[in-house]
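Architecture and fold: a report
For reference, the chains in residue letters:
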Amino acid sequence: MGQDARPNWDSPMQFVLACVSYAVGLGNVWRFPYLCQMHGGGGFLIPYLIMLFLEGVPLFYLELAIGQKMSLGSIGAWTAISPYLGGVGLASVVTSLYLCLYYNIINAWSFWYLFHSFQSVLPWAECPINSNRTGPTEECEKATPTQYFFYRETLNIAPSIEENGGIHGGQALCLLLAWVITYLFIVRGVKSTGKVVYFTATFPYAVLLIYLVRGITLHGAINGVKFMFTPNMEHLADPNTWINAATQIFFSLGLGFGSLIAFASYNHYNNNFERQAIVVSLINSGTSIFASIVTFSIYGFKATVNYESCLERTRVLLLNTFNIAEDNINIDNVFEWIEKLNTTYPEQFAKLNNKLEECDLETELSSAVEGAGLAFIVYSEAIKNMPLPQLWSVLYFLMLLMLGMGSMLGNVTAIITPLRDFKVMSHMSSELFNGLVCVFCLLLGLGFTTTSGNYWFTIFNDYGATFSLLFIVLIEVITVSYIYGLKRFEKDIEDMLGHRPNWYWKIMWSITSPLLLIFLFIIYIVKYINGGTPTYQAWNKELGTSVVTEYPVFGQLFIGLLLVSSISCVPLTALYVFCKKRKLGNHEKREHTVSTVSA
């Protein structure tokens with residue numbers, strides 16, 4: 001397999017850090033805390049950890065074993081197992097390409113926020129003045145300063161996906177910078193990536209630790225941490241809790257993209273990938289829990305500030321309506337005064353019903369937000385209320401950049417490595433080939449910097465990978481267990497590690513993981529069919545909020561194309577190989593007939 005000619009990691013530590021840098025990404029910071037919020041706080045950890053050992057670790061182990069054994073990227077590795085399965089690797093490359101196109105726009109947003117953090121007043125801390133200089137901008141006044149900065153200043157978002165404007169110049173430059181840095185990180189392949197991961201894998205932990213110390217000392221942070229660790233066991237009876245735990249494990253570890261196979265292909269043949277699979281999987285899940293403590297401390301602070309602001313507004317309303325000494329009412333006894341005034345002056349109090357707000361800390365803590373809404377709106381709102389907000393803003397967006405760029409290393413490697421295994425590409429220098437891939441992705445990614453770009457980003461994020469990854473990994477585990485053969489796979493592992501995998505791995509590969517993946521695959525299809533017309537959140541500047549909107553026909557067709565394009569690689573490649581072999585067989589048969597007649 002050309003193992004001697006293939007470059008290797010300088011040490012096993014580089015490989016582990018590369019896997020950690022790839023697997024530990026933005027999902028650990030902005031999706032896992034959201035799922036905890038949605039599914040009973042600490043109670044979500046129970047199905048999450050169970051799914052980690054039922055599907056996460058076994059499938060992670062399987063992909064590392066394939067990459068290390070074959071010393072090839074995803075296309076070459078699956079073709080070596082069976083020529084008919086080359087489409088599995090090709091599907092991984094197509095899915096990774098989709099991910100690369102939209103993932104780096106998140107890094108562009110992080111650069112945008114980072115550059116805007118070096119100001120005496122953070123630009124998302126207050127509303128800009130309108131053109132008449134008579135007050136705040138109307139759109140910002142109806143929304144919040146953080147929402148206005150994200151939707152208007154950062155995205156300059158269109159009212160819908162059907163209305164498109166030009167490219168946002170600032171975002172385009174930030175995207176260019178993100179791709180330049182990605183190129184510098186991978187310019188010499190594994191040799192340059194191996195050096196970069198020492199920083200991209202460790203820096204986020206340093207920032208998370210600093211944020212943890214700062215977060216738990218914030219006013220009200222304990223309310224958020226209590227909310228996280230107070231389990232609501234009723235959610236364990238909800239099938240969605242278990243489904244979300246399984247899918248979070250699956251996507252958090254980056255299975256099916258081909259990145260793990262590509263990384264493992266640069267290992268020495270006898271590297272102990274079994275131990276590394278367990279270590280990286282545990283680090284990834286541990287990071288999710290660690291990041292959640294940080295996030296919930298920030299949640300607690302933000303929720304407490306909002307709750308106390310609500311109480312203060314209620315206090316002022318009561319003081320202005322009733323003849324009460326100002327010192328008598330404070331935020332601690334507002335509810336007592338409401339009850340007292342309602343009893344004493346029922347008619348006068350009834351007039352306030354439309355003006356009184358419902359102040360509830362539990363509701364504030366339960367308002368779950370994920371994705372960009374959490375990373376760029378909720379966190380920004382919390383940061384602006386901290387002392388020295390510029391410092392915390394710089395640290396936070398640097399951390400997001402390191403998480404995002406670290407994942408991009410794996411995403412781009414998943415494209416470059418299998419393509420470089422082809423003889424046509426192998427004659428091209430690494431610098432040139434890697435550069436061409438980055439330029440190609442940059443040019444296609446510019447579409448996400450247009451005014452409707454965020455809606456296309458949402459389509460890619462929701463439909464570009466989920467369905468195809470479930471299909472790819474299901475084919476992978478069935479192929480290894482039942483086509484390549486579990487006994488043959490065991491011998492390969494024994495050849496590399498010196499011992500065969502124990503009963504746990506074999507049961508997971510042959511029974512548990514395939515059944516789980518089939519179940520998730522069916523659930524996804526049923527949800528998609530029963531979900532009706534796909535919808536997205538369109539920004540309404542008149543209301544200052546997002547509104548649910550149905551995708552137009554062209555959007556629905558594009559979603560269908562995304563879902564089919566990657567998985568169709570598997571049957572189409574198998575059909576191509578079959579036809580090629582049949583044609584070759586007929587040609588050989590004709591040659592044999594001609595030679596017999598001549599004789």
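Heads up: the structure comes first, above all this text.
What comes next concerns the included structure. Along each chain, the written sequence defines residue order, and numbers are assigned to residues from 1. Two thresholds apply to this predicted model, a pLDDT of at least 70 for residue-level local features and 80 or more for giving and counting side-chain atom pairs, whereas whole-chain, interface and lining totals are computed over all residues. As a rule here, side-chain values come from all non-hydrogen atoms in the structure, and water together with hydrogens is ignored.

1. Topic: the overall build of the protein
The helix and strand tally for the protein stands at 27 helices and 2 strands. C-alpha atoms define the radius of gyration, and 2.2 Å times the number of residues to the power 0.38 defines the globule rule. Radius of gyration (C-alpha) of the protein: 27 Å, near the 25 Å computed for a compact globule of 599 residues. Across its three principal directions, the C-alpha atoms of the protein cover 120 × 55 × 45 Å. Within the protein, the proportion of its 599 residues that are buried is 56%. Residues count as neighbours in contact if any of their non-hydrogen atoms are within 4.5 Å of one another. When contacts within the protein are restricted to residue pairs at least 6 apart in sequence, those whose partners lie at least 24 apart make up 81%. Computed with a 1.4 Å probe, the accessible areas rest on the Shrake-Rupley method; for each residue, only the protein chains presented here act as cover. Accessible area for the protein stands at about 26100 Å²; split by element, carbon and sulfur atoms hold 62% of it. When the 34 basic and 41 acidic side-chain charges of the protein are each reduced to a single mean position, those positions are 13 Å apart. Helix and strand labels come from DSSP, where a helix needs a run of H or I of at least four residues and a strand needs a run of E of at least two; each type is numbered from the N terminus. A 1.4 Å probe rolled over the protein chains alone gives each residue an accessible area, and that area as a share of the maximum for its type sets the label: buried under 20%, exposed over 50%, partly exposed in between. Only four residue types enter the charge count, namely Lys and Arg as positive and Asp and Glu as negative; His and the chain termini do not. Here the site of a charge means atom NZ of a Lys, CZ of an Arg, CG of an Asp or CD of a Glu.

2. Brief notes about the packing of helix α6 (residues 86-115) against helix α9 (residues 169-186)
Every angle, taken between N-to-C directions, lies between 0 and 180 degrees, and every axis is a line fitted to C-alpha atoms, over only the stretch in contact when it is a helix. Two numbers describe how α6 lies on α9: the axes approach to 8 Å, and their chain directions differ by 110 degrees. Classified by the angle between their axes, α6 and α9 sit roughly perpendicular to one another. In the packing of α6 onto α9, the handedness of the crossing is right-handed. Within the contact between the two elements, α6 uses Cys100, Asn104, Ile105, Asn107, Ala108, Trp109, Phe111, Trp112 and Phe115 and α9 uses Gly170, Gln171, Cys174, Leu175, Leu177, Ala178, Trp179, Ile181 and Thr182. Comment on the angle field: the value is read as roughly parallel under 35 degrees, roughly antiparallel over 145, roughly perpendicular from 65 to 115, and oblique elsewhere. The hand of a helix crossing depends on one turn: near helix anticlockwise from the far one by less than a right angle means left-handed, and clockwise means right-handed.

3. Concerning the pattern of salt bridges
For this analysis, a salt bridge means a side-chain nitrogen from Lys or Arg found within 4 Å of a carboxyl oxygen belonging to Asp or Glu. In total, this model carries 11 salt bridges according to the counting rule given. A salt bridge links Arg315 to Glu312, with the nearest nitrogen and oxygen atoms 3.2 Å apart. Residue Arg315 and its partner Glu312 are located together in helix α15 (residues 273-321), separated by 3 residues, close to a single helical turn. Looking at Arg315, the relative accessible area reads 12%, which means it is buried. Notably, a salt bridge pairs Arg500 with Glu490, separated by 3.6 Å at the nearest N-O pair. Of this pair, Arg500 sits in the loop between α24 (466-497) and α25 (503-530) while Glu490 sits in helix α24, placing them 10 residues apart in sequence. Among the charged side chains, a network of salt bridges with common partners joins Glu490, Glu494, Arg500 and Lys506.

4. Some words on α6
With 30 residues, α6 should reach 44 Å at 1.5 Å per residue; the first-to-last C-alpha distance of 44 Å fits that figure. Along its length, α6 shows its largest kink, about 25 degrees, at Cys100. Most of α6 is tucked away, with 27 of its 30 residues classed as buried. For a helix, the expected span equals 1.5 Å multiplied by the residue count minus one. The term bend refers to the angle at a residue between two fitted axes, each drawn through seven residues, those ending there and those starting there.

5. As for the packing of aromatic side chains
Ring pairs shown here join Phe, Tyr and Trp side chains whose ring centres sit within 6.5 Å, with only the six-membered ring taken for Trp; geometry is labelled stacked below 30 degrees between planes, edge-to-face above 60, and tilted in between. All told, the structure shown has 48 aromatic pairs when counted by the stated rule. Look at Tyr113 and Trp124: their rings are 5.1 Å apart centre to centre, the planes differ by 40 degrees, and that puts the pair in the tilted class. Here Trp124 lies in the loop between α6 and α7 (138-142) and Tyr113 lies in helix α6, a separation of 11 residues in the sequence. Judged on exposure class, the residue Tyr113 and its partner Trp124 are both buried. A cation over a ring is seen here: Lys340 above Trp337, with NZ or CZ 4.5 Å from the ring centre. Cation placement over rings: the criterion is NZ of Lys or CZ of Arg within 6 Å of the ring centroid and within 35° of the ring normal.

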